[in-house]
Amino acid sequence: MGITVHFEGKLKDESSLESLCKNAEAFAKEMEWPFSLISEQEVKLERVRGEEDWDYIGPVKGIEIFPHEACEPFRLEFDKDLYIQEYTKTQFAPVQIHVLLVDFLRTNQSLFESVEVIDEGEFFDTNDLDLLSKHIQACNEQLEQYLSQPEKYYGPVKLENGRIVDLMEE
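Residues numbered from 1 in each chain as written. Predicted model: local features only at pLDDT ≥ 70, side-chain atom pairs only at ≥ 80, totals over all residues. Heavy atoms only, no water.

**Student:** Quick one: what's the story with the overall build of the chain, residue by residue and with numbers?
**Tutor:** Along the backbone of the chain there are 4 helices and 10 strands. In the chain, the succession of helices and strands from N to C terminus is β-α-β-β-β-β-α-β-α-α-β-β-β-β. For 170 residues, the compact-globule formula gives about 15 Å, and the C-alpha radius of gyration of the chain, at 17 Å, lands near that figure. When each of the 170 residues of the chain is scored for burial, the buried share is 42%. A fraction of 60% describes how many contacts in the chain between residues 6 or more apart in sequence connect residues 24 or more apart. Roughly 9600 Å² of accessible area belongs to the chain as shown, and the carbon and sulfur atoms make up 47% of that amount. The distance from the centre of the 16 positive side-chain charges to the centre of the 37 negative ones in the chain is 5 Å. (Helix = DSSP H or I, 4+ residues; strand = E, 2+ residues; numbered from the N terminus. Rg over C-alpha atoms; globule rule 2.2 N^0.38 Å. Buried < 20%, exposed > 50% of the residue type's maximum accessible area, 1.4 Å probe, protein only. Contact = heavy atoms within 4.5 Å. Areas by Shrake-Rupley, 256 points an atom, 1.4 Å probe, with all protein chains shown as cover. Lys, Arg positive; Asp, Glu negative; His and termini not counted. Charge placed at Lys NZ, Arg CZ, Asp CG, Glu CD.)

Structural data, given as structure tokens:
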């Protein structure tokens, strides 16, 4: 459940990483969103390839942007091979947040050797704001059905790492 933008791919080269981070920093500043640069020597990234879990352990670089308190962080974190596999749930934030993040990904596609964006709101592929709004509304209505049983369910819950769990069972 939830409207999330999934993205994965590989940047062309180190200069593409520098450009993407500069573009993301300028974007965050323009939107007046907090951000932090990422540069760590030893990080474990949990990833999935072909329905199989696999972990990356090693150095990472990038930037993390915090678009809205009701949105997950927009994390552009690349491994030593300039590969990324990330997602950002936007469902609980204003719809414009989703649009801005998708537009940022779209605008920076040329920096990637390959990139795949899966937008559960279908905005990336269609640019249809009404369709995105309908998807968000449908998810929220389904969530409300569960939450109408407060003895069994509660949510959404924001975790310490910024991820948002739509629904929790008591």
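**Student:** Kindly report on the packing of aromatic side chains, identifying the contributing residues and their values.
**Tutor:** Inspection of the entire model under this criterion finds 7 aromatic pairs. Judged by centre distance (5.1 Å) and plane angle (85°), the rings of Y146 and Y153 are edge-to-face. Classification of Y146 as partly exposed rests on a relative accessible area of 30%. The exposure class assigned to Y153 is buried, which follows from its relative accessible area of 14%. Three or more aromatic residues link up through ring pairs in this structure, and these residues are F7, F27, W33, F74 and F104. Stacked on the ring of W54, the Lys or Arg R49 has its end atom at 4.0 Å from the ring centre. (Phe/Tyr/Trp six-rings, centres within 6.5 Å; stacked < 30°, edge-to-face > 60°. Lys NZ or Arg CZ within 6 Å of the ring centre and 35° of its normal.)

**Student:** Please set out helix α4 (residues 129-147) residue by residue, giving values where relevant.
**Tutor:** The end-to-end C-alpha distance of α4 is 27 Å, a good match for the 27 Å that 19 residues give at a rise of 1.5 Å each. For α4, every residue scored as buried is listed here: L132, I136, C139 and L143. Angularly, the buried residues of α4 cover 65° about the axis, an arc narrow enough to put them on a single face. Away from its buried face by more than 90 degrees, α4 exposes D130, K134, E144 and Q145. Between the side-chain oxygen of the N-cap and the backbone nitrogen of D130 there are 3.0 Å, and the N-cap of α4 in question is D128. (Expected span 1.5 Å × (residues − 1). Arc of directions from axis to C-beta. Polar contact = N/O pair within 3.5 Å; in protein donor to acceptor, adjacent residues only side chain to side chain.)

**Student:** Report on the sheet that holds strand β3 (residues 52-65), specifying residues and quantitative values.
**Tutor:** Strand order in the open sheet made by the 3 strands is β2-β3-β4, with antiparallel pairing throughout. On the outer flanks of this sheet lie β2 (35-49) and β4 (74-78), each paired with one strand and no other. Shown here is a sheet whose adjacent strand axes are inclined to one another by a mean of 45°, direction ignored. Of the strand pairs in this sheet, β3 and β4 are connected by 5 bridges, and their pairing is antiparallel. Its bridge partner being in β4, K61 is matched across the sheet by F78. Here helix α1 (residues 14-31) sits on the sheet in contact with β2, β3 and β4, set at roughly 55° to β3. (Pairing = 2+ DSSP bridges. Axes fitted to C-alpha atoms, helices over the stretch in contact; angles between N-to-C directions.)

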